[in-house]
Amino acid sequence: MTILVLGGAGYIGSHTVYALEENGEDVVIADNLETGYIEAVHPKARFYKGDIRNADFLNALFSKEKIDAVIHFAANSLVGESMTNPLKYYDNNLYGTMVLLKSMVKNGVDKIVFSSTAAVYGEPESIPILESARKNPTNTYGETKLAMERMMKWTSNAHGLHFVSLRYFNACGAHKSGKIGEAHNPETHLIPLILQVPNGKRARINIFGDDYDTPDGTCIRDYIHVTDLAAAHILAVEYLQKGGENNIFNLGNGVGFSVKEVVETARKVTGHSIPSVISPRRAGDPAKLVASSEKAKQILGWKPAYSNLEDIIASAWNWHKNHPDGF
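Keep in mind that this is a model prediction, so the values were computed, not measured.

**Observations concerning the pattern of salt bridges**
On inspection of all chains with the given rule, the structure shows 15 salt bridges. The shortest N-O distance in the salt bridge between Asp-91 and Arg-53 comes to 2.6 Å. Taken together, the residues span a long stretch of sequence, with Asp-91 in helix H4 (residues 86-107) and Arg-53 in the loop between strand E3 (46-49) and helix H2 (55-64) at a distance of 38 residues. For Asp-91, a relative accessible area of 33% translates into the label partly exposed. The salt bridge involving Asp-211 is made with Arg-281; its shortest N-O contact spans 2.9 Å. Here Asp-211, found in the loop between strand E8 (205-208) and strand E9 (220-225), pairs with Arg-281, found in the loop between strand E12 (276-279) and strand E13 (288-289); they are 70 residues apart in sequence, far enough to count as distant. On the accessibility criterion, Arg-281 (45% relative accessible area) is partly exposed. Residues participating in the shared-partner salt-bridge network are Asp-26, Arg-46 and Glu-65.

In structure tokens:
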């Protein structure tokens, strides 16, 4: 199969490209390098620099390459930025996806696996979160991802598009080779922020709120290794290739870890004291977000390989200690 990975120079996209190459697939990458890194591009993949909002770019790519399926990571994904600059998110995430789907329909490419998010749920009514749970995003990022899912549904109804939407929780970790890992600017994710302390990039880690209704008072999240996410995307493509119906799957470990537990585990992995300070709560942070991934396990046959938090952080530390400034 020839798979087009949009956003294949980004964090999750690059790890998915590595997994596809390991699986023997032919991979084409398109990325505008706004947040991705050319250094993260797999050497065997064919790379095109361009933007999904550019219809001419997409049509030329689809004309040149015989694409069997698309995996779509090309989106802005910073929750805080989405609240201060919402129109950027509607432009890139929603408009970009509209241009992409038009081009796919025009060029007869009818299979897409889409990178969605747990942010579509907002504050959950019950834990673990099922795919059927109420969708009530509390930020622009989640709102645009939910709208992208619905755009695919209506495009499917009208044009026969086949899609899988993967809603994932807290992506983390790095490739076992140590060649690629997580590099954001600015960095907003907890594990790389914690690891900046032993790397000498910050003096301490801020814990936002210790008065939540959780066992130790800090927020609980479901951390899922990026390699396990990559595996799920490959399974989703195979599912569509075999004639699977349109579907939506949560991707998480189904286990929640508190911020304090993550910090303590990072101390153990790195051997560093990692000072922490309690700061005021951040607006919009739910107390607990944990996925039910039973549907993905049953239908896709997905089996996460990384369930141990220590192993997850160790893989991240292997990347960050050797790449303290990213790529």
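**Some details on the sheet that holds strand E1 (residues 2-6)**
Here 7 strands make up an open sheet; going across it, the order is E3-E2-E1-E4-E5-E6-E10 and the pairing parallel. Only two strands of the sheet have a single partner each, and these edge strands are E3 and strand E10 (247-251). On average, each strand axis in the sheet is inclined to that of its neighbour by 20 degrees, with strand direction left out of account. Here 5 bridges tie strand E6 (residues 162-168) to E10, and the two strands are oriented parallel to one another. Bridge pairing in E10 places Arg-167 opposite Asn-250. Seen against the sheet, helix H7 (residues 226-241) touches E1, strand E4 (69-72), strand E5 (111-117), E6 and E10 and runs at an angle of roughly 160 degrees to E6.

**Considering the environment of Val-259**
When you line up the elements, Val-259 lands in helix H8 (residues 259-270). C-alpha separation for the pair Val-259 and Leu-4, spaced 255 residues apart in sequence, amounts to 36 Å.

**Some remarks on the packing of aromatic side chains**
Scanning the model with the defined rule gives 3 aromatic pairs in all. Relative to Phe-327, the ring of Tyr-37 has its centre 5.1 Å away and its plane inclined at 35 degrees; by these criteria the two rings are tilted. You can see Tyr-37 sitting in the loop between strand E2 (26-31) and E3 and its partner Phe-327 sitting in the segment after helix H10 (309-320), a full 290 residues away along the chain. Using a relative accessible area of 29% as the deciding quantity, one classes Phe-327 as partly exposed. Arranged with centres 4.9 Å apart and planes meeting at 50 degrees, the rings of Trp-319 and Phe-327 form a pair that is tilted. Of the residues examined, Trp-319 reaches a relative accessible area of 1% and is grouped as buried. One aromatic cluster is present, formed by Tyr-37, Trp-319 and Phe-327 through successive ring pairs. The ring of Tyr-212 has Arg-281 lying over it, and the distance from NZ or CZ to the ring centre is 3.9 Å.

Scoring rules and cut-offs
Residues numbered from 1 in each chain as written. Predicted model: local features only at pLDDT ≥ 70, side-chain atom pairs only at ≥ 80, totals over all residues. Heavy atoms only, no water. Salt bridge = Lys/Arg side-chain N within 4 Å of Asp/Glu carboxyl O. Helix = DSSP H or I, 4+ residues; strand = E, 2+ residues; numbered from the N terminus. Buried < 20%, exposed > 50% of the residue type's maximum accessible area, 1.4 Å probe, protein only. Pairing = 2+ DSSP bridges. Axes fitted to C-alpha atoms, helices over the stretch in contact; angles between N-to-C directions. Contact = heavy atoms within 4.5 Å. Phe/Tyr/Trp six-rings, centres within 6.5 Å; stacked < 30°, edge-to-face > 60°. Lys NZ or Arg CZ within 6 Å of the ring centre and 35° of its normal.

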